[in-house]
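Single-letter residue listing:
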Amino acid sequence: MLTPIELPSHINTRPVDSAIAKRLRQMHQRIEAFQDCWNQHHAAQFVAADYELVYQTLTWLLEKHRPINRGFLEWGCGFATVACLADSLGLASYGVESHPDLIVQARQTLSDWPATVELFHGDFLPPGAEDLAFDLTLPSVGHSGENPYEIWGVDLEDFGLVYSYPWPGEDQFHEDVFDRYAANEAMLLMFIGPNEMRAWRKSSR
Ligand SMILES: C[S@@+](CC[C@H](N)C(=O)[O-])C[C@H]1O[C@@H](n2cnc3c(N)ncnc32)[C@H](O)[C@@H]1O
């Protein structure tokens, strides 16, 4: 069962470290340039989150709700910005992305930052998770690619904190996948849209 963690309404007034703020400005510029070349790559599922808000929420969460371990996983990492933020906050960070052009961009982010993140080009859904989809046209479903968990030799259970930015209407699916496969007491953090983040902790039924 997932128990919501109440996020304070003033979370967006928390300070953002100046070096991080500078990095995020550079990320916004790179992402904008990538999106200006839209026709070249068709990475249609990629939309950037509000990374300042994600950082503010992440720092609050780490301060107030201790994760069960340092493992952090970004589902559908795009440019891996959030995975790099997690690394900068001392987490052992991993990211999975299915689009080949985006994984190239993610690798570029790691070398520019610089950050230590385990990146994987493949499908973040654990084997069998698609059974939970109430609609097989959900954007997270049907990605081909290798299974990162098998190659890394870890399970979703090994991550204390998972982050995702689901497309509208598939947040419940991400919750259900997390609820089935994550460790008890692990946390899920989601960027939902402008000014909206949600977080949960998994608890035993
Ligand atoms: C809305 S974007 C969010 C990107 C990034 N996490 C952020 O917060 O800015 C969702 C990303 O998830 C990727 N994605 C969707 N389903 C996936 C799957 N099953 N496995 C791996 N990547 C997936 C898409 O290609 C896209 O880059």
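Conventions we followed
- Residues numbered from 1 in each chain as written.
- Predicted model: local features only at pLDDT ≥ 70, side-chain atom pairs only at ≥ 80, totals over all residues.
- Heavy atoms only, no water.
- Helix = DSSP H or I, 4+ residues; strand = E, 2+ residues; numbered from the N terminus.
- Buried < 20%, exposed > 50% of the residue type's maximum accessible area, 1.4 Å probe, protein only.
- Contact = heavy atoms within 4.5 Å.
- Near = heavy atom within 4 Å.
- Polar contact = N/O pair within 3.5 Å; in protein donor to acceptor, adjacent residues only side chain to side chain.
- Areas by Shrake-Rupley, 256 points an atom, 1.4 Å probe, with all protein chains shown as cover.
- Phe/Tyr/Trp six-rings, centres within 6.5 Å; stacked < 30°, edge-to-face > 60°.
- Pairing = 2+ DSSP bridges.
- Axes fitted to C-alpha atoms, helices over the stretch in contact; angles between N-to-C directions.

The protein chain is annotated in an unreviewed UniProt entry as Class I SAM-dependent methyltransferase of Roseiconus lacunae.

Moving on, we come to the environment of Leu-24. As for its placement among the helices and strands, Leu-24 is situated in helix H1 (residues 18-36). Residue Leu-24 is classed as buried on the basis of its relative accessible area, which comes to 0%. Separated by 57 residues in sequence, Leu-24 and Thr-81 have C-alpha atoms that sit 8.1 Å apart. Those residues in contact with Leu-24, other than ones at most four positions away along the chain, are Tyr-51, Glu-52, Thr-81, Leu-85 and Trp-113.

Moving on: the site of the ligand. Close to the ligand lie 21 residues; Tyr-51, Glu-74, Gly-76, Glu-97 and Tyr-163 are nearest. Between the ligand and Ala-49, the relevant distance is 3.1 Å, taken from an oxygen atom to a main-chain nitrogen or oxygen of the residue. Notes on the ligand: free accessible area 600 Å², of which the protein chains cover 98%.

Below, the discussion takes up helix H7 (residues 171-181). Because each turn of an α-helix spans 3.6 residues, side chains separated by three or four positions end up pointing in the same direction. All buried positions along H7 are accounted for by Phe-173, His-174, Glu-175, Val-177, Phe-178, Asp-179 and Tyr-181. Taken together, the buried residues of H7 touch strand S1 (2-5), strand S2 (71-75), strand S5 (161-164), strand S6 (187-193) and strand S7 (196-202).

Moving on: the packing of aromatic side chains. According to the stated counting rule, one finds 7 aromatic pairs in the structure shown. Relative to Phe-79, the ring of Phe-34 has its centre 5.2 Å away and its plane inclined at 85°; by these criteria the two rings are edge-to-face. With Phe-34 in helix H1 and Phe-79 in the loop between S2 and helix H4 (81-88), this pair connects stretches of sequence that are 45 residues apart. As far as the burial class goes, Phe-34 and Phe-79 line up, both buried. Taken together through their ring pairs, the aromatic side chains of Tyr-94, Phe-120, Trp-152 and Phe-159 make up a single cluster.

Let us look at H4. The buried fraction of H4 amounts to 6 of the 8 residues, a majority that puts the element mostly inside the structure. Phi turns positive one or two residues past the end of H4, at Gly-90, with a value near 90°.

With mixed pairing, 7 strands are arranged side by side in an open sheet as S1-S7-S6-S5-S2-S3-S4. The open sheet is flanked by S1 and strand S4 (117-121), the only strands paired with a single partner. Looking at each pair of strands side by side, their axes are set apart by 20° on average, direction ignored. Here helix H3 (residues 51-64) sits on the sheet and contacts S1, S2, S5, S6 and S7; the angle it forms with S6, its principal contact strand, is near 155°. Packing of H4 onto the sheet brings it into contact with S2, strand S3 (92-97), S4 and S5, and relative to S2 it is tilted by some 170°.

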